[in-house]
There are 2 protein chains.
Amino acid sequence: MQAAGRVPAHAMASVTPAYDELARSFTRQHHLDHLQALAYWDQAAMMPAGGAEARAGALAEVAALVHQARTAPGLARALAQAQDEPLDDFQRANLREMAREWQAAAALPEHLVQRSQLATARCGQAWRQQRPANDWAGFLRNFRAVVATAREEAQLLSQRSGLRPYDALMDRFEPGMTCARLDPLFADLRSWLPGLVQQVQARQSGQTVLQPQGPFPVEAQRQLCLQVMQWLQFDFNRGRLDVSTHPFAGGVPEDVRLTTRYETGEFITSLLGAIHETGHGRYEQGRPQAWLGQPVSLARSMGIHESQSLSFEMQLGRHPGFIAHLVPMIRQAFGDQPAFEPDNLLRLVTRVQPGLIRVDADELTYAAHVMLRYDIERPLIEGEIAPEDIPALWDTGMAALLGQDTRGNFRDGPMQDVHWPEAMFGYFPCYTLGAVYAAQWFAAMRRSLPGLDASIHAGDLTPVFGWLDRHIWQQASRWTTDELATRASGEVLNPMHYRAHLEARYLGTPVMA
Amino acid sequence: MQAAGRVPAHAMASVTPAYDELARSFTRQHHLDHLQALAYWDQAAMMPAGGAEARAGALAEVAALVHQARTAPGLARALAQAQDEPLDDFQRANLREMAREWQAAAALPEHLVQRSQLATARCGQAWRQQRPANDWAGFLRNFRAVVATAREEAQLLSQRSGLRPYDALMDRFEPGMTCARLDPLFADLRSWLPGLVQQVQARQSGQTVLQPQGPFPVEAQRQLCLQVMQWLQFDFNRGRLDVSTHPFAGGVPEDVRLTTRYETGEFITSLLGAIHETGHGRYEQGRPQAWLGQPVSLARSMGIHESQSLSFEMQLGRHPGFIAHLVPMIRQAFGDQPAFEPDNLLRLVTRVQPGLIRVDADELTYAAHVMLRYDIERPLIEGEIAPEDIPALWDTGMAALLGQDTRGNFRDGPMQDVHWPEAMFGYFPCYTLGAVYAAQWFAAMRRSLPGLDASIHAGDLTPVFGWLDRHIWQQASRWTTDELATRASGEVLNPMHYRAHLEARYLGTPVMA
């Protein structure tokens with residue numbers, strides 16, 4: 001044994017052979033994920049239309065390879081054996097996440113995965129034409145198959161996990177979140193948010209807000225976005241910004257691909273979009289480098305992911321100190337005009353106005369859009385309602401939650417989002433969870449960093465990023481979401497901070513600077 | 001049997017089960033090739049530097065998957081069984097190409113493929129720094145391993161095919177080509193080309209050639225390239241033009257990705273580069289759509305591929321009628337100047353000047369660069385010389401073939417090309433085969449289309465593309481190269497047309513317009 005120190009590590013028999021085998025398998029999956037992510041990004045940002053069919057074939061191939069890798073015969077045995085191996089805490093957390101990924105994949109037979117992909121591909125593709133045509137009947141024909149396979153998946157995942165069907169779908173995006181936890185949270189929001197919206201609208205009704213006057217050339221907008229992303233410390237050595245119809249954060253943690261889109265009549269949307277995606281991007285770039293390829297290095301959940309994009313877009317992006325430093329960059333890009341006065345710009349980006357479209361919603365009314373969808377997709381997945389019941393429920397919910405009339409307007413109603421045609425049931429709650437968590441992070445940040453707002457007013461965002469890096473990004477999936485939140489902020493999800501943040505920002509209640 | 005016509009095709013037992021199984025396997029390989037091609041293109045044209053390591057891991061993964069698919073256990077049996085199945089001519093040609101691909105892949109054990117990839121990756125990466133540093137000694141350290149694995153591969157391929165080792169490597173790029181055929185071809189070129197070069201140089205020594213005066217803005221160059229590519233009928237619905245350090249044609253036939261690069265001091269290089277790559281691109285786009293995914297749909301060989309790029313860059317690109325139509329586009333891009341006179345531009349692109357660098361060589365001296373490399377890599381692969389013998393042989397060959405002194409100048413000598421660090425031994429002859437074939441195609445075209453040159457002078461390139469599409473692109477790998485050439489031009493490879501073309505263009509001998 002005395003010579004052991006001189007024996008090369010790889011020559012020694014491992015004491016964790018099953019864990020090592022799993023780790024190698026997940027590294028291979030990471031490589032497949034890389035190819036898949038690249039193909040998706042390219043499809044959205046680069047690919048000419050004529051390449052679509054060949055790309056679909058290649059994507060189906062890699063999806064099958066990923067599924068095969070995730071459900072390879074030896075994995076179940078290795079997962080069981082590794083439980084008894086002498087793992088350190090980080091490895092044990094990794095093993096927990098490996099088991100989670102395997103459970104979710106192994107519950108679904110390959111023919112169902114393929115059927116589901118076929119149904120969503122068909123529905124999603126047709127939806128792109130059907131939405132502008134307001135063709136609900138046509139949409140419904142494809143959407144029924146999407147719902148049918150999603151229900152099957154929910155049933156199988158439910159049987160394996162013991163969760164109720166909708167929870168089993170939501171668990172893929174937000175591990176540990178259930179309707180039993182979500183319902184009281186949403187009930188709380190429903191109790192004060194509509195009143196707050198009315199209060200703020202009354203308060204803002206007397207304000208004058210100047211609209212920026214275009215045109216805003218695309219190249220100037222792009223340069224502005226790049227400059228702001230530099231300020232937000234996005235690492236361009238490991239990422240890019242490009243253009244796509246629907247902005248997203250994609251690529252791989254080693255090479256993050258963000259997109260935005262530009263319209264010459266308006267620049268605020270593309271800029272705030274880029275800021276939002278940069279939040280996602282920094283989370284991905286900040287994942288622990290040494291563990292990339294292993295499940296423990298993955299972002300904790302989509303709710304936590306949205307908490308990063310919303311920390312950037314909402315907590316920072318609408319902060320008066322942030323706006324003050326944004327203005328010179330805007331003036332440099334487009335010249336000066338009265339609408340660029342910091343106070344006016346702040347009023348512009350905090351304007352509250354209930355509307356039909358979720359992605360255009362302001363910070364205050366956004367949650368109503370989420371709850372409306374949750375109220376429909378939960379019973380839809382659990383068979384209490386049918387796809388054809390959606391429009392009536394949508395109309396009722398929209399009137400109740402946002403006072404809007406969407407009757408007959410399917411295009412700006414239940415057909416507006418890509419999530420349902422793509423069977424992403426259980427995702428919507430993550431947006432509001434993200435908003436709630438983001439407020440909770442900034443409350444915790446302010447407690448531990450009393451000079452935080454002064455820093456932001458001075459244009460120094462490093463303290464914010466340092467806190468997020470230490471408490472969120474570097475932690476990746478090392479802890480459960482509740483543990484992560486508790487270690488970061490001293491408590492599990494608590495909507496109090498969200499309410500306090502909104503009241504402070506929109507009513508001037510002196511909770512935040 | 002009378003109801004057979006009403007039974008859906010898929011419900012009938014196939015009479016070619018082994019062939020069908022092979023076809024499915026090659027379709028899967030096509031999907032993997034798609035992912036690989038995309039990852040390579042992105043790496044060269046889009047990827048930020050920090051993404052390199054993760055990309056290398058993903059590329060190694062997909063290379064392993066491709067090799068596994070190409071050498072899957074059932075393929076040998078299926079290939080043997082399919083020989084006895086009732087295949088039509090096209091299927092039989094496909095089976096021949098399947099067997100060829102399988103032979104080449106199955107001859108090499110996976111550990112050798114991996115070792116070779118490692119050696120070339122290491123050598124190729126270091127070469128990027130070593131070349132500018134003129135560091136031959138450093139290069140040699142890595143290059144020895146590249147040569148060693150290439151020799152092993154050549155031996156194994158040789159044992160399987162019965163070809164001599166260098167021929168076995170060349171066969172991967174140029175099926176059917178051997179030293180026994182190449183040596184007389186090169187001997188023929190050696191007998192008249194040096195004399196022709198001297199004659200042309202003497203003739204051109206009295207000419208005045210004006211150099212275009214820059215700067216030429218990158219965006220204007222890009223627009224010019226795009227406009228010329230439109231004229232060349234490149235299908236932008238199934239392809240793109242981007243920028244990379246080393247221009248190439250990549251992507252997949254359904255979505256061809258071409259690259260060029262721009263220097264503001266000069267625009268001819270990027271323009272002719274784009275024209276060259278467009279030749280490759282149109283061959284790829286022109287491959288028979290219905291057979292994509294099957295080996296019979298692949299480009300016939302790299303020599304035939306170069307015959308397309310050189311048909312575009314040399315046969316068309318230096319044609320007086322082509323130049324006459326290029327000039328207005330150039331003037332539109334950069335304004336007018338005396339150097340843009342058609343006659344001057346023609347003199348500029350047909351200027352003959354022996355030099356050190358292959359990729360900068362003119363049409364007349366290019367073949368000498370190829371023969372120099374062939375004279376070295378053939379004995380290198382067959383063990384007659386060692387890697388350290390290369391510089392002396394290079395110096396001698398360069399002096400004899402091109403009258404240039406390269407002693408001590410490794411950077412512009414044997415280290416100038418990416419081919420050797422990447423173990424692409426046997427590729428260089430394809431460039432000259434391409435030039436010879438291109439001349440042969442245009443000679444055949446002129447025989448069958450007497451109005452060809454008048455069309456080109458009128459700016460109408462459709463007859464050229466129609467001929468290439470019918471005789472080359474749509475034929476893909478349906479025939480052996482000799483059959484393809486004979487069907488297209490009435491004879492196998494014949495350097496007479498190359499000589500006639502060069503003498504006509506550079507001495508004004510009245511063979512072509």
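Keep in mind the model is a prediction, meaning the values are calculated, not measured.

Caption draft 1: Broad picture of the overall build of chain A. Looking only at helices and strands, chain A has 20 helices and 3 strands in total. Computed over its C-alpha atoms, the radius of gyration of chain A comes to 24 Å, within 12% of the 24 Å expected for a compact globule of 513 residues. Over its C-alpha atoms, taken along the principal directions, chain A stretches across nearly 80 × 60 × 50 Å. When each of the 513 residues of chain A is scored for burial, the buried share is 43%. Look at the contacts in chain A between residues 6 or more apart in sequence, and 74% of them connect residues 24 or more apart.

Caption draft 2: Main features of the interface of chain A and chain B. The interface is formed by 29 residues belonging to chain A together with 29 residues belonging to chain B. Going through the elements one at a time, helix 1 (17–45), helix 2 (52–70) and strand 1 (239–243) of chain A are the ones with two or more residues in the side of chain A that touches chain B. Among the elements that line the side of chain A that touches chain B, the one with the most residues is helix 1 of chain A, at 8 residues. The residue makeup of the side of chain A that touches chain B, split by class, is 13 nonpolar, 7 polar and 9 charged.

Caption draft 3: Broad picture of the packing of helix 1 of chain A against helix 2 (residues 52–70) of chain B. Running from amino to carboxyl end, helix 1 of chain A crosses helix 2 of chain B at an angle of 100 degrees, the nearest separation of the two axes being 9 Å. Between helix 1 of chain A and helix 2 of chain B, the interaxial angle falls into the category roughly perpendicular. Of helix 2 of chain B, the residues touching helix 1 of chain A (which contributes Arg28, His31, Leu32, His34 and Leu35 of chain A) are Ala54, Gly57, Ala58, Glu61 and Val62 of chain B. Here the contact of helix 1 of chain A with helix 2 of chain B is composed, by residue class, of 5 nonpolar, 3 polar and 2 charged.

Caption draft 4: Examining the sheet that holds strand 1 (residues 239–243) of chain B more closely. All names here are of chain B. The strand order across the open sheet formed by 3 strands is 1-3-2, and the pairing between neighbours is mixed. At either margin of the open sheet sits one strand with a lone partner, and together these are strand 1 and strand 2 (249–252). Each strand of the sheet is rotated relative to its neighbour by a mean of 25 degrees, with strand direction disregarded. The pairing of strand 1 with strand 3 (residues 255–260) spans 5 bridges and is classified as parallel. Paired with Gly239 across the two strands is Val256, which belongs to strand 3.

Caption draft 5: Looking closely at the domain arrangement of chain A. Residue and element names in this part refer to chain A. Examined at the domain level, chain A breaks down into domain 1 (14–167) and domain 2 (168–513). Look at where the C-alpha atoms of domain 1 and domain 2 centre, and you get two points 25 Å apart. Taken together, the contact between domain 1 and domain 2 spans 45 residues of the former and 43 residues of the latter. Those elements that provide at least two residues to the side of domain 1 that touches domain 2 are helix 1, helix 4 (89–106), helix 5 (110–130), helix 6 (136–161) and helix 7 (165–173). If you tally residues by element for the side of domain 1 that touches domain 2, the top one is helix 6, at 13 residues. The residue inventory of the side of domain 1 that touches domain 2, partitioned by class, reads 26 nonpolar, 11 polar and 8 charged.

Caption draft 6: Local environment of the sheet that holds strand 2 (residues 249–252) of chain A. All names here are of chain A. Taken together, 3 strands build an open sheet; the order of strands is 1-3-2 and the sheet is mixed. Two strands in the sheet have a free side with no partner beyond their single neighbour: strand 1 and strand 2. Going across the sheet, the axis of each strand differs from the next one's by a mean of 25 degrees, ignoring polarity. Against the sheet, helix 1 makes contact with strand 1, strand 2 and strand 3 (255–260), and its axis sits at roughly 140 degrees relative to strand 2, the strand it touches most.

Caption draft 7: Here's a closer look at the nonpolar core. Formed by 102 residues in total, the largest nonpolar core has its most connected members in Leu169, Val228, Met371, Ala435, Tyr437 and Ala438 of chain B. Tallying contributions element by element places helix 16 (residues 428–448) of chain B first for this core, with 13 residues. If near-sequence neighbours (up to four positions away) are discounted, Val228 of chain B is found in contact with Leu271, Ala274, Ile275, Leu326 and Met329 of chain B. Listed in part, the 100 residues of the second largest apolar core include Leu169, Leu372, Ile381 and Met445 of chain A.

Caption draft 8: Structural view of the environment of Ala76 of chain B. Residue position: Ala76 of chain B is located in helix 3 (residues 74–82). Under the C-beta neighbour-count criterion, Ala76 of chain B is labelled partly exposed, with 14 such atoms within 10 Å.

Caption draft 9: Structural detail: the pairing of strand 2 of chain B. Residues and elements named next belong to chain B. Side chains of strand 2 alternate between two faces, with Ala249 and Gly251 and Gly250 and Val252 buried alike. For strand 2 and strand 3, the ladder comprises 4 bridges, and the chain directions are antiparallel. When the sheet's bridge partners are listed, Val252 is paired in strand 3 with Asp255. Where strand 2 folds back onto strand 3 in an antiparallel hairpin, the turn is made up of 2 residues.

Caption draft 10: Local environment of the confidence of the model for chain A. Residue and element names in this part refer to chain A. Residues of chain A with pLDDT of at least 70 account for 97%, and the chain-wide mean is 94. The model gives residues 1–9 a pLDDT under 50, and that stretch makes 1 contact with residues more than four places away or in other chains. Predicted complex metrics record ipTM = 0.91 and pTM = 0.92.

Caption draft 11: Molecular detail of helix 12 (residues 320–334) of chain A. All names here are of chain A. Along its 15 residues, helix 12 runs 21 Å from first to last C-alpha, staying within 8% of the 21 Å computed at 1.5 Å per residue. Its axis deflected by about 25 degrees at Leu326, helix 12 carries its strongest bend there, up to four residues before the proline Pro328. Restricting attention to buried positions, one finds in helix 12 the residues Gly321, Phe322, Ile323, Leu326, Ile330 and Ala333. Of the surrounding secondary structure, the elements contacted by the buried residues of helix 12 are helix 9 (218–231), helix 11 (302–316), helix 13 (342–349) and helix 17 (452–457). Just past helix 12, the residue Gly335 takes up positive phi, approximately 80 degrees.

Reading guide: rules and limits
- Residues numbered from 1 in each chain as written.
- Chains lettered and ligands numbered in written order.
- Predicted model: local features only at pLDDT ≥ 70, side-chain atom pairs only at ≥ 80, totals over all residues.
- Helix = DSSP H or I, 4+ residues; strand = E, 2+ residues; numbered from the N terminus.
- Rg over C-alpha atoms; globule rule 2.2 N^0.38 Å.
- Buried ≥ 20, exposed ≤ 12 C-beta atoms within 10 Å, placed from the backbone.
- Contact = placed C-beta atoms within 7 Å.
- Nonpolar A, V, L, I, M, F, W, Y, C, P; charged D, E, K, R; others polar.
- Axes fitted to C-alpha atoms, helices over the stretch in contact; angles between N-to-C directions.
- Parallel < 35°, antiparallel > 145°, perpendicular 65-115°, else oblique.
- Pairing = 2+ DSSP bridges.
- Domains from an automatic or database assignment.
- Core = buried A, V, L, I, M, F, W, Y, C linked by C-beta atoms within 7 Å.
- pLDDT = per-residue confidence, 0-100.
- Expected span 1.5 Å × (residues − 1).
- Bend = angle between axes of the 7 residues up to and from the residue.

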